[in-house]
Amino acid sequence: MDIRLGFECNNACLFCAVGLERETISSKTTGQVKEDITEAKKLGIDQLDFTGGEPTIRKDIFEIISYAKSLGFPIIQMQSNGRMFSYKNFSDRLIKSGLTAIGFLFPSHKKQIYELLTQAKGSYGQVLKAFENIKDSDLHISTITVVNKYNFEDLPETTRFLAGLNNKFKNYFAEFNFIMPSGDAWKNKERLIPKITKTIPYIKKSLNISKKNNFELNIEGIPLCFLQGFEDNIVEFGMASDWQMRMGNGIVEDFNKRRLEKGRSKGPQCEECNLNNKCNGLYKGYELIHGFGELKPI
Ligand code: SF4
């Protein structure tokens, strides 16, 4: 179950996919979050993922994680920009409360590009400090790099940097997510959204580097016709179909169906593709910028 705690954040990332939600959907109260957690327990769900916005800026975050731990969830995960984990006390206390996994935003291994993308001075140094603070823990760590015009040519070099993180952490994998054309990313589309075909040589090179360095690198938001031979690295192929999403004061009904209907698009040529039933297609909105011409039915 993905529990979206609210949409406030201490970064202002150029590629953030959150848009109107920030003004129209209020943050969950502590009581609402606890109700969601209790409901997840009743449903037999074993994995909680706290997302936002930025979960760590909530004053009640320790209480939320402790509550989840008290109900015995084996996986209690959070998606974070990592900045609050640069405070050792905060980091230790959250791990002690019961957090078992963190997905860190990691837009670039280059400070200048990282901070241009997060629009937060000092955020690069903070996330490096965060990595130091958690390196001896048993946490499952992942990094998420949003692929965009500013960072795609550096992806192989970024992957070499990530290989260093793999050596640092006990449990680690990396993810590259193609930029989703919504929210702030849509507002900044000319500056940010590359043609997928331009990024593919760099992504394939990165996948080969991760293989050589024995760590998992998965790709989200890029259809299989661009990545034949790397089927095992496509996030969408391994996605749970019973994933639940809780947001605002309710549940997003049929999340997986809505995710595909409202969030993805396919070209006319997809009708002829053998993978049409399996493939999620492009992120919706991409075709308005670069068209469907790059898709090659298999
Ligand atoms: S269904 Fe369309 S987007 Fe998916 S692999 Fe086939 S051609 Fe590519």
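The sections below set out a description of the structure shown in this document. (Residues numbered from 1 in each chain as written. Predicted model: local features only at pLDDT ≥ 70, side-chain atom pairs only at ≥ 80, totals over all residues.)

## What to know about the nonpolar core
Okay, step 1: Ranked by size, the top nonpolar core spans 64 residues in total, and within it F15, L48, I65, A68, L99 and I179 carry the most contacts.
Okay, step 2: What I179 contacts, discounting residues up to four positions off in sequence, is F15, V146, V147, N148, A185, L192 and I193. (Core = buried A, V, L, I, M, F, W, Y, C linked by C-beta atoms within 7 Å. Buried ≥ 20, exposed ≤ 12 C-beta atoms within 10 Å, placed from the backbone. Contact = placed C-beta atoms within 7 Å.)

## Comments concerning the site of the ligand
Okay, step 1: Taken together, 14 residues surround the ligand, and among them P223, C225, C270, C273 and C279 come closest.
Okay, step 2: Classifying every residue of the shell around the ligand by side-chain character gives 10 nonpolar, 3 polar and 1 charged. (Near = placed C-beta within 6 Å. Nonpolar A, V, L, I, M, F, W, Y, C, P; charged D, E, K, R; others polar.)

## Concerning the packing of helix 2 (residues 30–42) against helix 3 (residues 61–70)
Okay, step 1: Close contact between helix 2 and helix 3 brings their axes to 10 Å; oriented N to C, the two are set at 20°. Overall, the two elements helix 2 and helix 3 adopt an arrangement that is roughly parallel. With respect to the hand of their crossing, helix 2 and helix 3 are arranged in right-handed fashion. For the pair helix 2 and helix 3, the contacting residues are T30, V33, K34 and I37 in the first and E63, I64, Y67 and A68 in the second.
Okay, step 2: Grouping the constituent residues of the contact of helix 2 with helix 3 by class yields 5 nonpolar, 1 polar and 2 charged. (Axes fitted to C-alpha atoms, helices over the stretch in contact; angles between N-to-C directions. Helix = DSSP H or I, 4+ residues; strand = E, 2+ residues; numbered from the N terminus. Parallel < 35°, antiparallel > 145°, perpendicular 65-115°, else oblique. Left-handed = near helix turned anticlockwise from the far one by under 90°.)

## Describing the pairing of strand 5 (residues 140–147)
Okay, step 1: Extensive coverage of strand 5 is indicated by the burial of 6 of its 8 residues.
Okay, step 2: Both strand 4 (residues 101–105) and strand 5 contribute to a ladder of 5 bridges, which runs parallel. Paired with I102 across the two strands is I141, which belongs to strand 5.
Okay, step 3: Note that strand 5 and strand 6 (residues 171–178) share 8 bridges and pair parallel. Bridged to I144 within strand 6 is E175. (Pairing = 2+ DSSP bridges.)

## Thoughts on helix 5 (residues 111–118)
Okay, step 1: Buried within helix 5 we find Y114, L117 and T118. Take helix 5 and look down its axis: the buried residues cluster within an arc of 95°, on one side only.
Okay, step 2: Buried-residue contacts for helix 5 involve helix 6 (123–134).
Okay, step 3: Just past helix 5, the residue Q119 takes up positive phi, approximately 55°. (Arc of directions from axis to C-beta.)

## Here we look at the environment of F7
Okay, step 1: You can see F7 is positioned in the loop between strand 1 (2–4) and helix 1 (21–24).
Okay, step 2: The buried category is assigned to F7, around which 23 C-beta atoms lie within 10 Å.
Okay, step 3: Between the C-alpha atoms of F7 and D138, which are 131 residues apart in sequence, the distance is 28 Å.
Okay, step 4: Not counting chain neighbours up to four residues away, the residues in contact with F7 comprise V18, E21, R22, I25, G52 and G53.

## Comments concerning helix 10 (residues 196–212)
Okay, step 1: Between its first and last C-alpha, helix 10 extends 24 Å over 17 residues, near the 24 Å set by a 1.5 Å rise per residue.
Okay, step 2: For helix 10, the principal kink sits at Y202 and spans about 25°.
Okay, step 3: Of the residues making up helix 10, those classed as buried are I196, T199, Y202, I203, S206, L207 and S210.
Okay, step 4: Each element contacted by the buried residues of helix 10 is listed here: strand 5, helix 7 (155–168), strand 6 and strand 7 (216–220).
Okay, step 5: Just beyond helix 10, the residue with positive phi is N214, at close to 55°. (Expected span 1.5 Å × (residues − 1). Bend = angle between axes of the 7 residues up to and from the residue.)

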